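# Fold and contact review
What follows is the residue order along each chain.
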Amino acid sequence: MQAAIIGGSLGGLTAALLRDLGISVDVYERSPLELVQRGAGIGFLPGSQRYLVEGAGISLDAISVATSRLRYPTHDAGFAYDGPHQYRFSSWATVYRELLTCVPLDTYHLGHEMAGRGENSTGITVRFTNGAAKRAARDTTRNSTKTGHRGIRVAIRIARPELINAKLM
Ligand SMILES: Cc1cc2nc3c(=O)[nH]c(=O)nc-3n(C[C@H](O)[C@H](O)[C@H](O)COP(=O)(O)OP(=O)(O)OC[C@H]3O[C@@H](n4cnc5c(N)ncnc54)[C@H](O)[C@@H]3O)c2cc1C
């Protein structure tokens, strides 16, 4: 099975970990350069931590900090709220960099903006604005399986939430 993941930010790089299930994965990012941070820290939720810690063996403390209190300051140097609150924070760039180390670089394609896709009886093609195309042939051997599997699938993840992980076949 093959997967083409459109968008090489945190979501796309996380989806690329499908590779660990034996899926052949390529990630296509429209930016011609590796992505850079655009803001402050990000909340680092358990779902985002899991692969890096359990899969890649990275220390949670090496890539995030723990906070123990939540405070809402007021203008008079007091606090509208001050109470215990366990949370983890990281930086976007840290999470991006660590996820990138889990993905073979020859499968992370910068400068590839998806322009469209199509399919016919022989396979699926994803087209990019730079003229490149990713084609996956239909796996005819799977057509006869009892599962009714229709052959190869290409999972397309793009930035629009309603199309996340939409299956082409
Ligand atoms: C570069 C960047 C820096 C950020 N920095 C911070 C930060 O410092 N702090 C913070 O709190 N939040 C930050 N965010 C916001 C938030 O953390 C991200 O939105 C978060 O990474 C969500 O990840 P995502 O993969 O779901 O979506 P996004 O991060 O929005 O990534 C979508 C990716 O898809 C690519 N893409 C879109 N359309 C196409 C197409 N047709 N073909 C190919 N590629 C396509 C985009 O270029 C983008 O890289 C940042 C987002 C980005 C993109």
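So, a few notes on the structure that sits alongside this text.

Rules used in this analysis
Residues numbered from 1 in each chain as written. Predicted model: local features only at pLDDT ≥ 70, side-chain atom pairs only at ≥ 80, totals over all residues. Near = placed C-beta within 6 Å. Helix = DSSP H or I, 4+ residues; strand = E, 2+ residues; numbered from the N terminus. Nonpolar A, V, L, I, M, F, W, Y, C, P; charged D, E, K, R; others polar. Pairing = 2+ DSSP bridges. Axes fitted to C-alpha atoms, helices over the stretch in contact; angles between N-to-C directions. Buried ≥ 20, exposed ≤ 12 C-beta atoms within 10 Å, placed from the backbone. Contact = placed C-beta atoms within 7 Å. Core = buried A, V, L, I, M, F, W, Y, C linked by C-beta atoms within 7 Å.

## Brief notes about the site of the ligand
Close contacts around the ligand come from 22 residues, with Gly7, Ser9, Gly11, Gly39 and Trp92 the closest. Tallying contributions element by element places helix α1 (residues 10-15) first for the shell around the ligand, with 3 residues. Within the shell around the ligand, the residues separate by chemical class into 10 nonpolar, 8 polar and 4 charged.

## Here's the deal with the pairing of strand β9 (residues 133-137)
Both strand β8 (residues 123-128) and β9 contribute to a ladder of 5 bridges, which runs antiparallel. Opposite Ile124, over in β9, you have Ala136 as the bridge partner.

## Points about the sheet that holds β9
What the 3 strands build is an open sheet, ordered β7-β8-β9; its pairing is antiparallel. The sheet is open, and its two borders are formed by β7 (114-120) and β9, each paired with just one other strand. Strand-to-strand twist across the sheet, computed as the mean angle between neighbouring axes with direction ignored, equals 10°.

## Remarks on the environment of Val53
Tracing the sequence through the fold places Val53 in helix α2 (residues 46-55). The exposure class of Val53 is partly exposed, given the 17 C-beta atoms found within 10 Å. C-alpha of Val53 to C-alpha of Ile63: the two residues are 10 residues apart in sequence and 9.6 Å apart in space. Other than its neighbours up to four places away in sequence, Val53 contacts Ile58 and Leu60.

## Quick word on the nonpolar core
Ala4, Ile5, Ala16, Val27 and Val103 are the most contacted members of the largest nonpolar core, which has 15 residues in total. Those elements that provide at least two residues to this core are β1 (2-6), α1, β2 (24-28) and α4 (92-101). Tallying contributions element by element places β1 first for this core, with 4 residues.

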